[in-house]
Amino acid sequence: MLSLLFISLFLLILFTLLFKFLTADGIFKTPWDFTLMSNKHVKREEIEDQIVWITGASRGIGEKLAIQLARLGAKLILSARNEAE
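Residues numbered from 1 in each chain as written. Predicted model: local features only at pLDDT ≥ 70, side-chain atom pairs only at ≥ 80, totals over all residues. Heavy atoms only, no water.

Caption draft 1: Main features of the overall build of the protein chain. For the protein chain, the helix and strand inventory stands at three helices and two strands. Mapped in sequence order, the helices and strands of the protein chain form the string α-α-β-α-β. Within the protein chain, the fraction of its 85 residues that count as buried is 13%. In the protein chain, the proportion of contacts linking residues at least 24 apart, taken out of those at least 6 apart, comes to 37%. Counting only carbon and sulfur atoms, one obtains 66% of the accessible surface of the protein chain, whose full area is about 7400 Å². (Helix = DSSP H or I, 4+ residues; strand = E, 2+ residues; numbered from the N terminus. Buried < 20%, exposed > 50% of the residue type's maximum accessible area, 1.4 Å probe, protein only. Contact = heavy atoms within 4.5 Å. Areas by Shrake-Rupley, 256 points an atom, 1.4 Å probe, with all protein chains shown as cover.)

Okay, here's the thing in structure tokens:
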């Protein structure tokens with residue numbers, strides 16, 4: 001009975017954090033305020049002149065993120081394992 005209670009509590013916490021992760025809105029304010037999918041459109045003023053370090057920037061998600069942030073006026077520090085790319 002006690003193990004069922006712990007499993008239920010664990011699942012409740014897990015789903016709560018997953019929901020918060022998927023629906024968070026805005027720039028990071030605390031470690032729990034992160035975003036995967038957001039309805040908020042980022043304004044240039046929020047990103048412009050911010051320093052952003054992107055690891056894995058030679059391809060994939062890192063490359064696309066670097067391009068998007070550069071278009072918004074961020075100052076970028078890019079690092080990757082493949083120097084040529």
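Caption draft 2: Broad picture of the confidence of the model for the protein chain. Taken over all residues, the pLDDT of the protein chain has a mean of 77, while the share at 70 or more is 75%. Per-element confidence in the protein chain ranges from a low mean pLDDT of 81 for helix H2 (residues 44-47) to a high of 92 for strand E2 (residues 75-79). Low confidence marks residues 32-37, where pLDDT is under 50. Its contacts with residues over four positions away, or in another chain, come to 18 contacts. (pLDDT = per-residue confidence, 0-100.)

Caption draft 3: Up close: unusual backbone geometry. At Asp49, a residue that is not glycine, the phi angle is positive and equals roughly 65°. With respect to the element layout, Asp49 can be found in the loop between H2 and strand E1 (51-55).

Caption draft 4: Seen up close, the pairing of E2. Relative to E2, E1 runs parallel, the two sharing five bridges. Within E2, the position partnered with Val52 by the bridge is Leu76. Crossover connection from E1 via helix H3 (residues 60-71) to parallel E2: handedness right-handed. (Pairing = 2+ DSSP bridges. Right-handed = clockwise from strand over helix to strand, strands pointing away.)

Caption draft 5: View of H3. Over its 12 residues, H3 extends 17 Å from the first C-alpha to the last, a length consistent with the 16 Å expected when each residue adds 1.5 Å. When we look at burial in H3, the residues that qualify are Gly62, Ala66 and Leu69. Along the axis of H3, the buried residues cluster in a sector spanning 75°; they form a single face. For H3, exposure combined with an orientation more than 90 degrees from the buried face picks out Ile61, Lys64, Gln68 and Arg71. Against the buried residues of H3 lie H2, E1 and E2. (Expected span 1.5 Å × (residues − 1). Arc of directions from axis to C-beta.)

Caption draft 6: A nonpolar patch on the surface, seen in detail. Nonpolar side chains collect at one region of the surface, where Leu2, Leu5, Phe6, Leu9, Leu12, Ile13 and Leu17 lie side by side and expose about 710 Å² of accessible area between them. Inspection of the secondary structure puts Leu12 in helix H1 (residues 2-23). Of the residues examined, Leu12 reaches a relative accessible area of 54% and is grouped as exposed. (Patch = residues over 30% accessible without salt bridge, like charges linked within 9 Å, V, L, I, M, F, W, Y side chains within 5 Å. Salt bridge = Lys/Arg side-chain N within 4 Å of Asp/Glu carboxyl O.)

Caption draft 7: Examining the environment of Glu48 more closely. With respect to the helices, strands and loops of the structure, Glu48 is situated in the loop between H2 and E1. We classify Glu48 as partly exposed; its relative accessible area is 34%. When residues no more than four places from it in sequence are discounted, the contact partners of Glu48 are Leu72, Gly73 and Ala74.

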